[in-house]
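Structural overview
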Amino acid sequence: MSYFNCPEPSEEEIYSDDPVETVLLPRTSDIGGFEVQRALPSAKRRLVGPFIFFDQMGPGEFITGKGLDMRPHPHINLATLTYLFDGEIDHRDSLDTFQTITPGAVNLMTAGQGIVHSERSGESQREMQSNLFGIQSWLALPKDKEEIAPAFDHIEKEKLPIIEDNGIKARVIMGDFESQKSPVRFHHETLYLDIQMNKGTKLPLASSLAEEKAIFGLQGHFKVGDTAYKPGQMLVLHPKQNMLIEALEDTRLVVIGGAAMDGERHIWWNFVSSSKERIEQAKEDWKNGKFPVVPGDDKEHIPLPE
């Protein structure tokens, strides 16, 4: 069976010379002593489907004795999704969850009405030089799900479907792709693909794949339409155009997106909500110690920014 065939375009869905609507250039930030490239949110674009926050972590390395130290901090009205290409991170949260995430697996934490978590390099990682490379994203929750009970789900990489054909390998992290469905469940229609392409291969993406979608290059130059792009850029695509990705060299990229959200979302520090008043309440709750603690990591926390 041959996958990745080009769909026949309809009158409203055409292949365009330039299917890219906006190019987002990430800015550098710091999380727990580790440099990241932040593509979302952006002044040009706040959301792509439910994705409201998108950080490329690394690739980078820690010397012996050092590691990631993201101290306990709160979230509301969103879900966080961590996906690694290299390295390990220990996750702890106020639900008394402890989970080490490794490359290819998924950590999905739903904050809902409120959760606190930390992310650190484990002791075994600190005993040697270690690497870290991955994506951390935040997904906005639909308005009627913003205050649901917090939850945590871990999905091993073996449970995520992989499609491999003609020099292209695609792992379906969330959503549906080429008749394969991810077991990762979320409260909003979401698409998330990890794609590796050999030099010279071409991958079609139909407009029907998701209402909103974007490409983020991780490795290798590739072409979309008539334009070549380098890694480290987020390409927000036109909603009603089919398109082709052509790998100009060995390439790795992710495709994210989903249905448009049900209205505007506000973001301040680690809080996302459709309500500014809810964010103000969360700020006061964190400042006054009303969030739960993280068992096993309750000696320190990140204070509310001034």
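Keep in mind that this is a model prediction, so the values were computed, not measured. (Residues numbered from 1 in each chain as written. Predicted model: local features only at pLDDT ≥ 70, side-chain atom pairs only at ≥ 80, totals over all residues. Heavy atoms only, no water.)

Notes on the overall build of the protein chain
Within the protein chain, the secondary structure is distributed over two helices and 27 strands. Relative to the 2.2 N^0.38 estimate, which gives 19 Å for 306 residues, the radius of gyration of the protein chain is 19 Å and therefore close to what a compact globule would have. Based on the C-alpha atoms only, the size of the protein chain along its principal axes is roughly 55 × 45 × 35 Å. Taken over 306 residues, the protein chain has a buried fraction of 55%. Roughly 13700 Å² of accessible area belongs to the protein chain as shown, and the carbon and sulfur atoms make up 44% of that amount. With 32 positive and 48 negative side-chain charges, the protein chain shows a spacing of 3 Å between the two charge centroids. (Helix = DSSP H or I, 4+ residues; strand = E, 2+ residues; numbered from the N terminus. Rg over C-alpha atoms; globule rule 2.2 N^0.38 Å. Buried < 20%, exposed > 50% of the residue type's maximum accessible area, 1.4 Å probe, protein only. Areas by Shrake-Rupley, 256 points an atom, 1.4 Å probe, with all protein chains shown as cover. Lys, Arg positive; Asp, Glu negative; His and termini not counted. Charge placed at Lys NZ, Arg CZ, Asp CG, Glu CD.)

A few points about the side chain of Thr 190
Among the structural elements, Thr 190 can be located in strand β18 (residues 190-197). Looking at Thr 190, its side chain comes within polar contact range of the main-chain oxygen of His 188, at 2.8 Å. Residues within four places of Thr 190 in sequence aside, it is in contact with Pro 50, Phe 51, Met 174, Gly 175, Gly 257 and Gly 258. (Polar contact = N/O pair within 3.5 Å; in protein donor to acceptor, adjacent residues only side chain to side chain. Contact = heavy atoms within 4.5 Å.)

Considering helix α2 (residues 276-287)
With 12 residues, α2 should cover 16 Å at 1.5 Å per step; its first-to-last C-alpha distance of 17 Å lies within 8% of that length. Taken together, the buried positions of α2 are Arg 278, Ile 279, Ala 282, Lys 283, Asp 285 and Trp 286. Seen from one end, α2 has its buried residues packed into an arc of 165°, which puts them on one side. Among the exposed residues of α2, those pointing more than 90 degrees away from its buried face are Lys 276, Glu 277 and Lys 287. Turning to α2, the residues buried within the fold contact β6 (69-75), β11 (115-120), β26 (266-268) and β27 (271-273). Immediately beyond the C-terminal end of α2, within one or two residues, lies Gly 289, with a positive phi of roughly 70°. (Expected span 1.5 Å × (residues − 1). Arc of directions from axis to C-beta.)

Overview of the sheet that holds strand β5 (residues 51-62)
Across the sheet, seven strands lie side by side as β3-β4-β5-β12-β7-β10-β13; this open sheet has antiparallel pairing. Whereas interior strands pair on both sides, the edge strands pair on one side only; in this sheet they are β3 (27-31) and β13 (151-155). Between one strand axis and the next, the sheet turns through 20° on average, direction left out of account. Pairing analysis gives five bridges linking strand β7 (residues 78-86) to strand β10 (residues 106-110), with the strands arranged antiparallel. Bridging across to β10, Ala 79 finds its partner in Thr 110. (Pairing = 2+ DSSP bridges. Axes fitted to C-alpha atoms, helices over the stretch in contact; angles between N-to-C directions.)

Some thoughts on the environment of Val 106
With respect to the helices, strands and loops of the structure, Val 106 is situated in strand β10. According to the relative accessible area criterion, Val 106 is buried, its value standing at 0%. Sequence separation of Val 106 and Val 184 is 78 residues, and the distance between their C-alpha atoms is 8.2 Å. Among residues more than four places away in sequence, those in contact with Val 106 are Leu 81, Thr 82, Tyr 83, Ile 101, Asp 153, His 154, Ile 155, Leu 160, Ile 173 and Val 184.

Quick word on unusual backbone geometry
What you tend to see is this: most non-glycine residues have negative phi, and most peptide bonds are trans. A cis amide bond links Leu 40 with the next residue in sequence, Pro 41, at an omega value of 0°. Following the sequence through the fold, Pro 41 ends up in the loop between β4 (34-40) and β5. Between Gly 58 and Pro 59 the backbone carries a cis peptide bond, its omega angle lying at 5°. By the secondary structure assignment, Pro 59 is in strand β5. A positive phi angle, near 50°, is found at Asn 166, a position not held by glycine. Position of Asn 166 among the secondary structure elements: in the loop between β14 (162-165) and β15 (168-174). Looking at Asn 166, the relative accessible area reads 59%, which means it is exposed.

With respect to empty space enclosed by the protein
One pass over the structure, following the stated rule, counts one cavity of 30 Å³ or more. Taken together, Thr 80, Thr 82, His 91, Asn 107, Met 109, His 117, Glu 119 and Phe 152 form the lining of the largest cavity. The set of elements that each furnish at least two residues to the lining of the largest cavity consists of β7, β10 and β11. Partitioning the lining of the largest cavity into residue classes produces two nonpolar, five polar and one charged. (1 Å grid on protein atoms, 1.4 Å probe; cavity = no way out; pocket = protein on both sides within 12 Å on 5 of 7 lines; lining within 4 Å. Points joined across faces, edges and corners; volume = space filled by probe spheres on them. Nonpolar A, V, L, I, M, F, W, Y, C, P; charged D, E, K, R; others polar.)

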